[in-house]
Protein chains: 2
Amino acid sequence: MTSAKAIVYSEHGQVSDVLHTHSYTLADPQSNEVLILTVVAPVNPADILQVIGTYPARPEKNTKLGTAKPSAVGGNEGLFKVLKVGSAVKHFKTGDWCIPRVPGLGTWRSHILCDSHDVIPLPSFLSLDQAATIGVNPLTAYQLLTQFVYLKKGDWVIQNAGNSAVGKLVTQIARVKGINSISVVRNRDNLTELVEELTALGATKVITDEQNYDESFQATISEWVGDSKVRLALNCVSGKSASALVKKLSKGGFVVTYGLMDQSDLNINISITDYVFKQITSTGYWLTANIAANPQLKIDTLDEICKYYEKGLVVSPPFKKVLYKLAEDDAKGSTFLETMLRVVGDKSGKQALLFE
Amino acid sequence: MTSAKAIVYSEHGQVSDVLHTHSYTLADPQSNEVLILTVVAPVNPADILQVIGTYPARPEKNTKLGTAKPSAVGGNEGLFKVLKVGSAVKHFKTGDWCIPRVPGLGTWRSHILCDSHDVIPLPSFLSLDQAATIGVNPLTAYQLLTQFVYLKKGDWVIQNAGNSAVGKLVTQIARVKGINSISVVRNRDNLTELVEELTALGATKVITDEQNYDESFQATISEWVGDSKVRLALNCVSGKSASALVKKLSKGGFVVTYGLMDQSDLNINISITDYVFKQITSTGYWLTANIAANPQLKIDTLDEICKYYEKGLVVSPPFKKVLYKLAEDDAKGSTFLETMLRVVGDKSGKQALLFE
């Protein structure tokens, strides 16, 4: 038997009101099962919205962990290490790293006993940082660049939130594929530094929100692009920013919205003439739905990203690690919940609970 | 030598200012050429915008017909009868009907000498009305229903301008394919009659613009649709109407804009959450670009529509015929231009010049 703890919720509401710690014990894995230990649990904004109840995807609540009320474990992203494998498991051995196959596994817990097909093995050459974050941001960036339009070498992509984790990965993957990129970023005091940083990652051009909104700036972009095409625009900010990105698209271009970082303007405005005569297409991307619809696609995409990491072509997104020591928690009580609430409440960039 | 006349323009501007008649003679067809006689030249709104110069597709202007200035012949839709064929032409004989293969042929003329591959033969079982209008409205309706989402039996499509030529064809083709349709129409005194007419053509439901805009009406639509899906919305009216159609779409649905009948609101507004979480896609359809990109698709689509006509499954769009007698024009002078200007100026529905 293995002692384990999870951050669970049975009702939706503010994280500090509804999250609580649940302790349970797990039997040894049978047949196709694996017992896995959490190594890192990154926290994403969607995880918090899921607890609050405003996120469209909700994990099933049940009493499988022995909670009094039907409950769900928080979290969707995580890196795990295999502790024990059932007798029929062929593709895992003790010590292997793995990540969830589909969203909703519930990663805010110390251990999981699950079917070995609920997790995907990762190659051993990955660093802990690469492995811990491979399942969300790099997957999103890669699929955004490959699932909507065929981008050939020399084509252009334009994106807002160029300084976000996904934005930087889009820039790097575009460079690997020989695709030019324009990143739109917020103006700031240290803009020159940011431009240098993004250019070093592979951004062909970096522009500000003001330049994105300024219609007269189009001439500069046209000069950069020349006879090539701006085939793809990626939006994770606001409707207003997306509508401005659309104006940069060449005939037949796609704008794909994948996030809501700035909720000041939720509507994307595109003119009928742009749709009919420029054949613009506007659509959305949601990793959760994409993976649920096609789990194999996740595995194939991970393979590609692992190759990039193996060759040193792409830098994984940085994140802040907050240490959580399960052994001390056992002695002192509720530090798991306290640590998690601290991570959830800290908005200064991507964070993760590092289990020890 | 054959005497011929065409309505040409060398500059863009108001039709009454820039259109004029040009008389010319044509040699007998050589090798792969055909000499064809215009039977019907329907006039579409796009033809007029093309003369004015505000339409994005412009035919090439040249002096091939012996005009003093480089000129284009007006019109894009037409039904022709083969008068003479060149020695190498195998797929046409005198008396066959044909229509232009691609837009921009210039159909406002009495005769054309062209490559035999510039026109597509039509089967002889078509009526004159079916043949004269097959190349634009039925093609549009069929491609709108088949090129964006796969509609299976029992799926739903919703469209505005349900009373337009394309709208009625969408309704009929949907019925043939076992697809349910909702047509949005303007409220009017004789609404009951119109509902009866559209229902007889195959509309599953007919609603008014007000019901389309009314959010509380959604419950009624949900009841109609039940467990099926509204996979496709077709818009040719305004941005506001399109945005309301989007609200009726099921997850993963497409809204396709193909026209600008009401220019009061040119922007289609779709929320980021509809894009991301409902995976809505918004795009445009333009027959001209579609055919230019894939002429074979036009032939394949025409084959399907001909089958519908042969089996009596679909009624062709009605249009008003305005007679033009070339022989009398030769005697009296400029009646060709006068007749064409009368047709162009009459906004009471689809019109066509019938040549005799």
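Quick notes on the rules
- Residues numbered from 1 in each chain as written.
- Chains lettered and ligands numbered in written order.
- Predicted model: local features only at pLDDT ≥ 70, side-chain atom pairs only at ≥ 80, totals over all residues.
- Heavy atoms only, no water.
- UniProt positions renumbered as here; feature names shortened; annotations may be inferred.
- Least-squares fit on C-alpha atoms with pLDDT ≥ 70 in both.
- Contact = heavy atoms within 4.5 Å.
- Domains from an automatic or database assignment.
- Buried area = accessible area lost by both parts, 1.4 Å probe.
- Salt bridge = Lys/Arg side-chain N within 4 Å of Asp/Glu carboxyl O.
- Pairing = 2+ DSSP bridges.
- Helix = DSSP H or I, 4+ residues; strand = E, 2+ residues; numbered from the N terminus.
- Buried < 20%, exposed > 50% of the residue type's maximum accessible area, 1.4 Å probe, protein only.
- Right-handed = clockwise from strand over helix to strand, strands pointing away.
- Axes fitted to C-alpha atoms, helices over the stretch in contact; angles between N-to-C directions.
- Core = buried A, V, L, I, M, F, W, Y, C linked by side-chain atoms within 4.5 Å.
- Parallel < 35°, antiparallel > 145°, perpendicular 65-115°, else oblique.
- Nonpolar A, V, L, I, M, F, W, Y, C, P; charged D, E, K, R; others polar.

Naming follows an unreviewed UniProt entry, where chain A appears as enoyl-[acyl-carrier-protein] reductase of Babjeviella inositovora NRRL Y-12698. UniProt, in the comment section headed Subcellular location (unreviewed entry), describes chain A in these words: "Mitochondrion". You can read under Catalytic activity (unreviewed entry) in the UniProt record for chain A the words "a 2,3-saturated acyl-[ACP] + NADP(+) = a (2E)-enoyl-[ACP] + NADPH + H(+)".

S.K.: Help me get a handle on the relation of the copies chain B and chain A, residues and values and all.
M.R.: The transformation that overlays chain B on chain A combines an axial shift of 0.0 Å with a rotation of 180°, and the residual RMSD is 0.0 Å. On this basis, the relationship between the two copies can be described by a two-fold rotation axis. Mapped onto chain A, 100% of the interface residues of chain B are again interface residues, and the two copies thus contact each other with one and the same surface.

S.K.: Let's hear about the domain arrangement of chain A: which residues, and what values?
M.R.: Residue and element names in this part refer to chain A. Taken domain by domain, chain A consists of domain 1 (2–135 + 319–355) and domain 2 (137–286). The straight-line distance from the C-alpha centre of domain 1 to that of domain 2 is 34 Å. Contacts between the two partners involve seven residues from domain 1, matched on the other side by four residues from domain 2. Summing both sides of the interface, domain 1 and domain 2 together bury roughly 450 Å²; the carbon and sulfur share of this comes to 54%. The tally of links between domain 1 and domain 2 comes to zero salt bridges.

S.K.: Would you mind going over the sheet that holds strand β1 (residues 2–9) of chain B in detail, with residue names and values included?
M.R.: All names here are of chain B. If you walk across this open sheet you meet the three strands as β2-β1-β4, and the pairing is antiparallel. Here the strands that pair on one side only, and so sit at the sheet edges, are β2 (20–26) and β4 (72–73). Where β1 and β2 come together, seven bridges link them in antiparallel fashion. Bridge pairing in β2 places T2 opposite L26.

S.K.: Can you explain the side chain of N290(A)? Please cite residues and give values.
M.R.: Residues and elements named next belong to chain A. Note that N290 resides in helix α11 (residues 287–293). On the basis of relative accessible area, N290 is assigned to the buried category, the value being 19%. Once residues lying within four places of it in the same chain are set aside, the contact partners of N290 are Q143, Q147, Y285 and L297.

S.K.: Tell me about the pairing of strand β13 (residues 254–257) of chain A, and please be specific about residues and values.
M.R.: Side-chain positions along a regular strand alternate between the two faces of the sheet. All names here are of chain A. Burial along β13 is two-sided: the face carrying F254 and V256 and the face carrying V255 and T257 are both buried. The pairing of strand β12 (residues 230–235) with β13 spans four bridges and is parallel. Bridging across to β13, L234 finds its partner in V256. In terms of handedness, the path from β12 via helix α9 (residues 239–246) over to β13 forms a crossover that is right-handed. Bridge count for β13 against strand β15 (residues 281–284) is four bridges, and the pairing is parallel. Each residue of the ladder has a partner; that of V255, found in β15, is S282.

S.K.: For the sheet that holds strand β1 (residues 2–9) of chain A, give the residues involved together with the corresponding values.
M.R.: Adjacent strands of a sheet pair through backbone hydrogen bonds, lying either parallel or antiparallel. Residue and element names in this part refer to chain A. With antiparallel pairing, the three strands of this open sheet are ordered in space as β2-β1-β4. Two strands in the sheet have a free side with no partner beyond their single neighbour: β2 (20–26) and β4 (72–73). Strands in contact with helix α14 (residues 335–345) are β1 and β2; relative to β1, the strand with the most contacts, it is inclined by about 45°.

S.K.: I'd love a proper account of the nonpolar core, names of residues and values included.
M.R.: Ranked by internal contacts, the top residues of the largest apolar core, which has 51 residues, are I158(A), I270(A), W286(A), I158(B) and I270(B). Beyond its immediate sequence surroundings of up to four residues, I158(A) is in contact with I182(A), V184(A), V230(A), L232(A), A233(A), L234(A), L245(A) and K248(A). V39(B), W97(B), I99(B) and V314(B) belong to the second largest nonpolar core, which has 47 residues in total.

S.K.: Describe the pattern of salt bridges, with residues and values.
M.R.: In total, this model carries 22 salt bridges over all chains according to the counting rule given. We note a salt bridge from K84(A) to D28(A), for which the minimum N-O separation is 2.8 Å. Placement of the pair is K84(A) in strand β5 (residues 79–85) and D28(A) in the loop between β2 and β3 (33–43), with a sequence separation of 56 residues. A residue is classified by how much of its surface remains accessible, and K84(A), at 34% relative accessible area, is partly exposed. Its relative accessible area of 34% is what places D28(A) among the partly exposed residues. Among the salt bridges present, the one from D129(B) reaches K321(B), with a minimum N-O distance of 3.1 Å. Taken as a pair, D129(B) in helix α3 (residues 128–133) and K321(B) in strand β16 (residues 320–324) lie far apart in primary sequence, 192 residues in all. Each member of the salt-bridge network shares a partner with another, and the members are K152(A), D155(A) and R231(A).

S.K.: Quick rundown of the packing of helix α4 (residues 137–146) of chain B against helix α12 (residues 295–310) of chain B? Include the residues and the values.
M.R.: Residue and element names in this part refer to chain B. Two numbers describe how α4 lies on α12: the axes approach to 10 Å, and their chain directions differ by 100°. Taken together, the axis directions place α4 and α12 in an arrangement best described as roughly perpendicular. Residues P138, L139, Y142 and Q143 of α4 pack against L297, K298, T301, L302, E304, I305, Y308 and Y309 of α12. Tallied by class, residues from the contact of α4 with α12 come to eight nonpolar, two polar and two charged.

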